[in-house]
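Report on the structure
Chain by chain, the residues run as shown.
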Amino acid sequence: MHQNSTECKICGSQSQFFSRATILEKYEVDYFQCTRCRFVQTEEPYWLAEAYQNPIARADYGLLARNIVFAQLTFKVIVNLFDPQAQFLDYGSGYGTLVQLMWYLGLDFYGHDRYCEHKFALDRKREELSGETYELVTAFEVIEHLPNPVEDLHAISQLTDSILLSTELLPDSNPEPQAWPYYALEEGQHIGIHTPESMRILAEALQLNLYTNNASIHLLTKRNFSPDLPRILDFNHYGIFPKFQELLLKDVPTGLDCSVSELSTSSRQSSAKIVIDCVFFQRYQTGIARLWRSILALWSVELEWADQIIIVDRAGTAPKFPNFKYRTIPPHDYNDLERDRQILQTVCDEENAAIFISTYYTIPIVTPSVFMAYDMIPEALGSDTTNPIWQEKHRAIQYASNFISISNNTAQDLANYFPNINAEAITVAYCGVDSIFHPATRQDVESFKQKYAIQKPFFLVSSATTGYKNVQLFFKAFSQLPTRFGFEILCTGNPGAIDQTLRNFVPGTVIHALHLDDVELSQAFSGAIALVYPSIYEGFGLPVLEAMACGCPVITCPNASIPEVGGDAVLYVDASDLSGMMDALCEIQKPTVRKQLIERGLQRAKQFSWSQMAAQVLEVLVNTTLADLNLQELNFIAFPDWSQPETVLAAQLQTLIQTVSGSAGDRPITLLLANRQLESEVANLLLTGILMEALWSEQITSIDSIAVSLVEPLSSWQLQSLQPRLVGYLPLESEDGEAIAMFGLADLPVLTDLSILEEQSPI
């Protein structure tokens, strides 16, 4: 039964009903806010047992990165305010990540967690807390979980006179649960949200002094410290060792749960896949379908890696090619996009996808995605971008890790309309032209004309509707030709669909509205007087290319990407120049002009290749999967034996990193450390500790130009991309020979003298 009020768990005052929200996606839960201290609490949390089935929330993507920052913060606090030789405890220690990091830094740290087993620092977990006292207890991201915060913190205060804790304070805007992510509704573990007032009252109840940065970090202590202490507690000041924040200490173990395995030295193979959603084929068979059908046909015969491609088939509408694996899912539905994203993510997870790309704007939830930009017509021409199609497009752009554009103009428009994306991350890959588009024989052209009862010479247009295709310019100009009754008009596209406005321009002229297959379209191009293509905007302009490949002269407009395709092999007319179009229609009939345009067009068309585009698209996909390696100007790899004792391994790696960093000079270097033996989380944590210890001990003094990255087992297509970018490999006293063989890099130069770095260039 709904309550209007309850007692505040912090100050005992009345808490009024504040809001209602859905927890764990199924429980309707009431929230109450105290009239005195503004503390927000849930009703009695009957769902906690279920919420803690996964003690570390799957949405907690900042686990490792945050613990690294907490480690730096804690180290600073201890060194400045406490006795570093004393004993410390991390309360609510989770997997033991912070305990392990602090132990690496030489501090006598232990952990306690009632819900979660340590995955790290296994021998430093305290199951029972009685009988021990600690110089300082840390409790990061804990008190928002406590059903009885005053009682629980009082129990902690019996172990120490100082508690360093973190919790986000409720913003002044007083957001309701649905409006502030820190409520963590999907996980159900945050049951109390604090405010500056509640923290002050809590400190008074515990008879402790409160020092706080008024945001997220707070120290409760019996000791008296300088009023400047909040500067030390400035969480945002700790930038995860500034250079490493960007180059090294990335948040690798995303979405950990308690199924993470212990330290494992078993060899791990990679089978990272490319998932392609062929959703476009569900809806259309236009130029984008031609693009993808051409690329997929080429990829399907690349037997070395074709089996790494997973085709998402929307209810059987995707084109079928050999050597690919197909996953059939329901049709795409703009009315249920959230479900669609979940389905795509399930496919990506089940197939071990390294990268996702859609033929038309769909996205998964977390798998990295490459966005293919065909055009920016809605944005450039002022269409209603609230339409679900364009909303989904914009979400896909914001989600993408990398971008491919089919023309320079489209790439520029993408960068202009979405300035938050990195323009340097856009790769231009021009469309190609199928071999079926070539000059047809005179006999084939005549057969085509007889089939469709075309009696006179004809002009070809690729659309018979008004709009940005601007074909009305052609119809207006054609209507004023003195010789117009000597010609017919052929419109490709939907059969019989001709805008009546266009018909009204040319009464008495025969118009053929046909839907042609590729062979017939090639014959139509070959037999036409010209393709007239006066478009206002094109992402590429594939009909222009196909017409030139068939020896068909082209009249078009120098708009958007069209000059990139047509070059000097077409006649250009301004999109609003009626007299210019009339002149072009007359000029194109001259034999000398036609001969020149045909020759130039055939040569121009040879510059565009589907095989070239397929290779460029694949390169972007593969490079995106390697982005976390932070490859730079000079890239080296080493193959440590991760099964060595930790102290031995640490000494070897610290020496290697110190040597490389000291030899880097001003040239950016990436050192890759191959790992086939350890789970990613364990290896990253181990490496993090080694690097942190080296930094604090000043064994590493220069990190401005070096990045250190772990590289897990890669698929064959990833290795093919990586190998040319490696200068060589750096030997270690103890190496993993199987890893060298697995990575297929045994032929790399072995570099024993790093003076080569002074003059070495990438291979």
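Please refer to the structure higher up on the page.
For the structure given in this document, a descriptive report is provided here.

**Section: the pattern of salt bridges**
As enumerated under the stated definition, the model contains 27 salt bridges in all. Its salt-bridge partner being aspartate 30, residue arginine 20 comes within 2.7 Å of it at the nearest N-O pair. Within this pair, whereas arginine 20 is found in strand E2 (residues 14-23), its partner aspartate 30 is found in strand E3 (residues 27-34), the two being separated by ten residues in sequence. Overall, the relative accessible area of 37% leaves arginine 20 in the partly exposed class. On the accessibility criterion, aspartate 30 (6% relative accessible area) is buried. Put simply, arginine 314 and aspartate 340 hold a salt bridge, and the shortest N to O gap is 2.5 Å. With arginine 314 in strand E13 (residues 309-314) and aspartate 340 in helix H10 (residues 337-350), the pair connects residues that are 26 residues apart, well separated along the chain. Side by side, arginine 314 and aspartate 340 carry an identical accessibility label, which is buried. Members of the salt-bridge network, linked through shared partners, are Arg290, Asp434, Asp518 and Glu546.

**A closer look at the pairing of strand E20 (residues 488-492)**
Counting buried positions over the five residues of E20 gives five, a clear majority of the element. By the alternation rule, side chains of E20 split into Glu488, Leu490 and Thr492 and Ile489 and Cys491, which are all buried. Note: strand E19 (residues 458-461) against E20, four bridges, orientation parallel. Paired with valine 461 across the strands is cysteine 491, a residue of E20. Pairing between E20 and strand E21 (residues 511-514): four bridges, direction parallel.

**Here we look at the nonpolar core**
Within the largest apolar cluster, 112 residues are counted, with the highest numbers of intra-cluster contacts made by Ile276, Leu291, Trp292, Trp299, Tyr360, Met613 and Ile637. A total of eight residues in this core trace back to one element, the largest contributor, which is helix H22 (residues 610-625). Leaving out residues up to four positions away in the same chain, leucine 291 has contacts with Met372, Tyr374, Ile406, Cys431, Trp610 and Met613. Within the second largest apolar cluster, 53 residues are counted, among which are Leu73, Ala86, Tyr104 and Leu136.

**Quick word on H10**
Between its terminal C-alpha atoms H10 stretches 20 Å, which fits the 20 Å expected from 14 residues at 1.5 Å a residue. Every buried residue belonging to H10 is among Leu337, Asp340, Arg341, Ile343, Leu344, Gln345, Val347 and Cys348, and all of these are buried. Buried residues belonging to H10 abut strand E12 (273-277), E13, strand E14 (325-329), strand E15 (353-358) and helix H12 (388-399). Downstream of H10 by one or two residues, asparagine 352 has phi in the positive range, about 55°.

**Notes on the environment of serine 609**
Position of serine 609 relative to the elements: it lies in the loop between helix H21 (591-605) and H22. If sequence neighbours within four positions are ignored, serine 609 has contacts with Tyr430, Cys431 and Gly432. A distance of 3.2 Å separates a polar side-chain atom of serine 609 from the backbone nitrogen of glutamine 612.

**Side note on unusual backbone geometry**
The backbone phi angle of arginine 38 is positive, close to 65°, even though this residue is not glycine. Tracing the chain through its elements places arginine 38 in the loop between E3 and strand E4 (40-42). Despite not being glycine, alanine 453 shows a phi value in the positive range, around 55°. Here alanine 453 lies in the loop between helix H14 (442-451) and E19.

**What about helix H20 (residues 578-587)?**
Those residues of H20 that fall on the buried side of the exposure criterion are Gly580, Met581, Ala584 and Leu585. All buried residues of H20 fall inside an arc of 140° around its axis, so they share one side.

Criteria and cut-off values
Residues numbered from 1 in each chain as written. Predicted model: local features only at pLDDT ≥ 70, side-chain atom pairs only at ≥ 80, totals over all residues. Heavy atoms only, no water. Salt bridge = Lys/Arg side-chain N within 4 Å of Asp/Glu carboxyl O. Helix = DSSP H or I, 4+ residues; strand = E, 2+ residues; numbered from the N terminus. Buried < 20%, exposed > 50% of the residue type's maximum accessible area, 1.4 Å probe, protein only. Pairing = 2+ DSSP bridges. Core = buried A, V, L, I, M, F, W, Y, C linked by side-chain atoms within 4.5 Å. Contact = heavy atoms within 4.5 Å. Expected span 1.5 Å × (residues − 1). Polar contact = N/O pair within 3.5 Å; in protein donor to acceptor, adjacent residues only side chain to side chain. Arc of directions from axis to C-beta.

By themselves, these observations are geometric and do not establish any function.
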